[in-house]
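# Observations on the model geometry
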Amino acid sequence: IQTSSVAERNKPFEFRINKDQSSFHNRLLQHDLEKNYSGKQDNINFGSSASITAFPILHRATDEKILNSDRLTLERQKLTVCPVIDGEEHLRLLNFQHNFITRIQNISNLQHLVFLDLYDNQIEEISGLSTLRCLRVLLLGKNRIKKISNLENLKNLDVLDLHGNQIAKIENINHLGELRVLNLARNLLSYVENLNGLDSLTELNLRHNQITSMKDVDTLPCLQHLFLSFNNISSFDNILCLADSSSLSDITLDGNPIAQETWYKSTILHHMMQLRQLDMKRITEEERRMASVAARKEEEKKRESHKQTLLKEKKRLTIGNIARQWEIQQNRVALVTSSNQDKKDSDSCQINGSAAYEFPEETRSLDTILSNAVHGLSVLDSHLVEVEGDTLYLYGSGALESLDRNWSVQTAGTVITVSFMFIEFDEIVQVLPKLKIRFPNSAHLKFKETNIVMLQQFNALAQVRRIEQLTVDPQGNPVVNFTLWKYYVLFRLNHFNLQKINGTEVTQNDIVMAERLFGILAHVASSELPQYRLLSLLGESRKKQFCYMLEAKGKRSGIVSEESNDSKRVGGENASQAILNYTTRELHTEKLEEIKERKKFCETYIQDLVKEATDINMKNESLQKLWPQMFIELVRDAVIEIRNKNSYMKLCLQRITDQK
């Protein structure tokens, strides 16, 4: 913005915009204009009027009016209000800098005013400007304004300076289609918006605010200079609209958190190829080339990160689906168990001759609902197999089939840990022998949501080649609630020399305690029962192992020993441990009749023991009642016999002689 020099003040006021002028810094519009109209104070006198007591009246000398007919400078006059300016309707430039004015007033008659400077006052609200339709430059910096308002009639405004105020929101300026410069530095802005309609804006100063993000900047077709220094911008995504601006040539972002990032410059230059200056430094072609290379690498890194994020999300959804199917399956099992129990109770008793109780229709409908739910989920992945580091993760029963695939030697050799989740333990038992073949280095087994409910299930782990660590998650494995489950595992799998159980180191004291707790019971089971009885309790594979161990002790077995490699596997497992076997539910169902017979035998045996004990107790009670009288009679007979010593001695000698 330029004005005529001091020597030319007698000429008409000239106002023009220099489109090629560089940006204003710190306080906008500190230029030659201030020097021109403030270099020499006007010869002004203030008077008062009886009719207008609240405002001073401005009087200028005649020669001053002639010399500066179109301009008036009233800076540093300690004014608290705008004076009444009569007879100066031709004024085009008015300067009220560095006063104490609190409100804009008494200038509505200056309808030819083009330049109004109210910098450094105490104005709290924009007002009193509705009649100044010719106003082109409005300087309201360093005041106390909190809201942009009352600019509706200033459609010809070229420069609007509102820096150093208390404005928290950009608003009510969309109609300023001729505005070229907007200065909102040092305010309280946190979000930039509502810039639509500023089609002529070439320079926007937003330094020293609290801005975190912005929009609508890409809708400004003429914007060339944007100053965003010293704000709170931390991510390029928050100012992504700048990348869509085709006119921006100069931008500053120094003093923001984003400027501290290593990718800052390369990202800005990659997305804003038309920039000529960044942070007041000219951009070279070499910098553009290096930024393009760095941006491509960053883009590839982001693309890979996005891919990993998608894979993680897919994994999360799959595991969630598997977990829902597992829950439905467990609910169905519980429902069937409850139904069987109710049926058993109804068969055992009938009330008032009525028929057995039937399950209500609601139950069948619930079963149908569960079936439909499983069918609806089946369209998604129902199992997941993943090798991550040295761990093989198996989710869902379908994942067990992956053990039959052709694993590469390198992959299979790196697997140290095998984790089972959402799989019935009885299904896992069937594939345990495959682990020692497919993954020879596996030494750590993890179980979560596998329905381990009793100690006997740990017996099945003896089929594995080796186990150094065992982890049984409490979630979905009720057996962990048993106080002695760890000691049982240590005793049953003692030949594996377990190092850790659930992340806790196994000590020698733990091994000794396990032997004390379960060693005697296992010894009784293996030595006190007849051999044929032991063989009937063992499965086929255990029969061979047991017979082999008996042969090693020199006992007769009648069964051929198994091959050498199997012999080595059970070499460290003694007889008392080998008989502790686990039968899956399928085999358990097949042997249900045998179990019933055993139960009946046990009940009969216990009844006989109780009856015998009862008889013994009755005899003992009878003896206790008769014993006092019997004792008296025995004493009496003995006294009578030894009353005559000589006769008693003869009688005893005679008995001895008769015995010979």
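In this text, all values refer to a predicted model and were calculated from it rather than measured experimentally.

## A word on the overall build of the protein chain
- If you tally the helices and strands in the protein chain, you get 16 helices and 22 strands.
- Looking at the protein chain as a whole, 38% of its 660 residues are labelled buried.
- Long-range contacts, defined here as pairs at least 24 residues apart, represent 48% of the contacts in the protein chain between residues at least 6 apart.
- For the protein chain, the exposed surface amounts to about 37800 Å²; the carbon and sulfur share of it is 51%.

## Looking at the side chain of Asp250
- Here Asp250 is to be found in strand E13 (residues 250-252).
- A polar atom in the side chain of Asp250 sits 3.3 Å from the side chain of Gln277.
- Here Asp250 is in contact with Gln224, His225, Leu226, Phe227, Leu275 and Gln277, once residues within four sequence places are set aside.

## As for the pattern of salt bridges
- Summed over the entire model, instances satisfying the criterion amount to 12 salt bridges.
- The partner of Glu75 in a salt bridge is Arg76, and the shortest N-O contact between them spans 3.8 Å.
- Residue Arg136 is joined to Asp158 by a salt bridge in which the shortest nitrogen-to-oxygen separation is 2.1 Å. With Arg136 in the loop between strand E5 (115-117) and strand E6 (137-139) and Asp158 in the loop between E6 and strand E7 (159-161), this pair connects stretches of sequence that are 22 residues apart.

## A few points about the environment of Glu299
- Tracing the backbone shows Glu299 in helix H4 (residues 285-348).
- Note on Glu299: relative accessible area 37%, which makes it partly exposed.
- Each C-alpha atom, one on Glu299 and one on Thr267, is 9.5 Å from the other, the two residues being 32 residues apart in sequence.

## A closer look at the sheet that holds E13
- Ordered in space as E3-E4-E5-E6-E7-E8-E10-E12-E13-E14-E15, the 11 strands form an open sheet in which the pairing is mixed. Because the sheet does not close on itself, it has two edges, and the strands there are strand E3 (71-73) and strand E15 (281-282).
- Here 3 bridges tie E7 to strand E8 (residues 181-183), and the two strands are oriented parallel to one another. Across the sheet, the residue bridging to Leu160 is Leu182, located in E8.

## Comments concerning unusual backbone geometry
- If you check the backbone angles, Lys78 has positive phi at about 60° while not being a glycine.
- Classification of Lys78 as exposed rests on a relative accessible area of 68%.

## A short note on the nonpolar core
- Among the nonpolar cores identified, the biggest contains 68 residues, and Phe96 and Leu116 are the most heavily contacted of them.
- Counting residues per element, this core draws most heavily on helix H3 (residues 264-271), which supplies 3 residues.
- Phe96 has contacts with Leu74, Leu79, Cys82, Pro83, Ile85, Ile101, Ile107, Leu116, Asp117, Leu118, Tyr119 and Asn121, leaving out every residue within four places of it along the chain.
- Grouped together as the second largest cluster of nonpolar side chains are 47 residues, Ala412, Leu461, Phe496 and Ala522 included.

## Focus on a nonpolar patch on the surface
- A contiguous nonpolar patch, built from Leu623, Leu626, Trp627, Met630, Phe631, Leu634, Val635 and Val639 and spanning about 770 Å² of accessible area, is present on the exposed surface.
- The residue Phe631 is located in helix H15 (residues 592-641) in this model.

## Focus: the UniProt feature "coiled-coil region" (unreviewed entry) in the protein chain
- Mapped onto the present numbering, the UniProt feature "coiled-coil region" (unreviewed entry) falls on residues 283-316.
- Segment residues 283-316 splits into 94% helix and 0% strand. End C-alpha atoms: 45 Å apart.

## Remarks on the sheet that holds strand E21 (residues 500-501)
- On the basis of which strands lie adjacent, the open sheet formed by 7 strands has the order E16-E17-E18-E19-E20-E21-E22 and mixed pairing. Two strands lie at the open edges of the sheet, namely strand E16 (384-388) and strand E22 (504-505), each paired on one side alone.

## Quick word on the packing of aromatic side chains
- Taken as a whole, this structure holds 10 aromatic pairs when the rule is applied.
- Ring geometry for Trp407 against Phe439: centres 5.3 Å apart, planes inclined by 70°, an arrangement best described as edge-to-face. Of this pair, Trp407 sits in the loop between strand E17 (391-395) and helix H6 (409-414) while Phe439 sits in the loop between helix H7 (425-438) and strand E19 (444-448); the two residues are 32 residues apart in sequence, bridging distant segments of the chain.
- Accessibility expressed as a relative area gives 17% for Trp407, which makes it buried.
- Assessed through its relative accessible area of 0%, Phe439 is described here as buried.
- Taken together, a centroid distance of 5.9 Å and an interplanar angle of 45° make the contact between Trp627 and Phe631 tilted.

## A short note on the confidence of the model for the protein chain
- The share of residues in the protein chain with pLDDT of 70 or more is 76%, and the mean pLDDT across the chain is 78.
- Helix H1 (residues 32-38) is the least confidently modelled element of the protein chain, averaging 38 in pLDDT, while E7 averages 95, the highest of any element.
- Note on residues 49-53: pLDDT under 50 across the span, and 2 contacts to partners over four residues away in sequence or across chains.

## Quick look at H15
- Between its first and last C-alpha atoms H15 spans 69 Å; for 50 residues at 1.5 Å apiece the expected length is 74 Å, and the two agree.
- Of all the bends in H15, the greatest reaches close to 45° and is centred on Leu626; the proline Pro628 follows between one and four positions later.

## Remarks on the pairing of E17
- Among the 5 residues in E17, 4 count as buried, and that is most of the element.
- Alignment of E16 against E17, held across 5 bridges, turns out to be antiparallel. Opposite Val387, over in E17, you have Leu392 as the bridge partner.
- The turn joining E16 and E17, which pair antiparallel and follow one another in sequence, is formed by 2 residues; a positive phi near 70° is taken by Gly389.
- Strand direction decides the pairing type here: E17 and strand E18 (residues 417-421), joined by 5 bridges, are parallel. Pairing of Leu394 across the sheet is with Phe420, part of E18.

## Some points on empty space enclosed by the protein
- With the rule as written, the count across this model stands at 4 cavities of 30 Å³ or more.
- Its volume calculated, the largest cavity comes out at about 50 Å³.
- At 4 residues, H4 tops the list of elements feeding residues into the lining of the largest cavity.
- Per-class residue counts for the lining of the largest cavity are 1 nonpolar, 3 polar and 3 charged.

## Some words on the environment of Tyr191
- On the secondary structure map, Tyr191 appears in strand E9 (residues 191-192).
- Sequence-wise, Tyr191 and Gln210 are 19 residues apart; in three dimensions their C-alpha atoms are separated by 8.0 Å.
- Sequence-distant contacts of Tyr191, that is, excluding residues within four places in its chain, are made with Ser213, Met214 and Lys215.

## Brief notes about the side chain of Ser213
- With respect to the helices, strands and loops of the structure, Ser213 is situated in strand E11 (residues 213-214).
- The residues contacting Ser213, other than those within four sequence positions of it, are Ser190, Tyr191, Val192 and Asn238.

Cut-offs and rules
- Residues numbered from 1 in each chain as written.
- Predicted model: local features only at pLDDT ≥ 70, side-chain atom pairs only at ≥ 80, totals over all residues.
- Heavy atoms only, no water.
- Helix = DSSP H or I, 4+ residues; strand = E, 2+ residues; numbered from the N terminus.
- Buried < 20%, exposed > 50% of the residue type's maximum accessible area, 1.4 Å probe, protein only.
- Contact = heavy atoms within 4.5 Å.
- Areas by Shrake-Rupley, 256 points an atom, 1.4 Å probe, with all protein chains shown as cover.
- Polar contact = N/O pair within 3.5 Å; in protein donor to acceptor, adjacent residues only side chain to side chain.
- Salt bridge = Lys/Arg side-chain N within 4 Å of Asp/Glu carboxyl O.
- Pairing = 2+ DSSP bridges.
- Core = buried A, V, L, I, M, F, W, Y, C linked by side-chain atoms within 4.5 Å.
- Patch = residues over 30% accessible without salt bridge, like charges linked within 9 Å, V, L, I, M, F, W, Y side chains within 5 Å.
- UniProt positions renumbered as here; feature names shortened; annotations may be inferred.
- Phe/Tyr/Trp six-rings, centres within 6.5 Å; stacked < 30°, edge-to-face > 60°.
- pLDDT = per-residue confidence, 0-100.
- Expected span 1.5 Å × (residues − 1).
- Bend = angle between axes of the 7 residues up to and from the residue.
- 1 Å grid on protein atoms, 1.4 Å probe; cavity = no way out; pocket = protein on both sides within 12 Å on 5 of 7 lines; lining within 4 Å.
- Points joined across faces, edges and corners; volume = space filled by probe spheres on them.
- Nonpolar A, V, L, I, M, F, W, Y, C, P; charged D, E, K, R; others polar.

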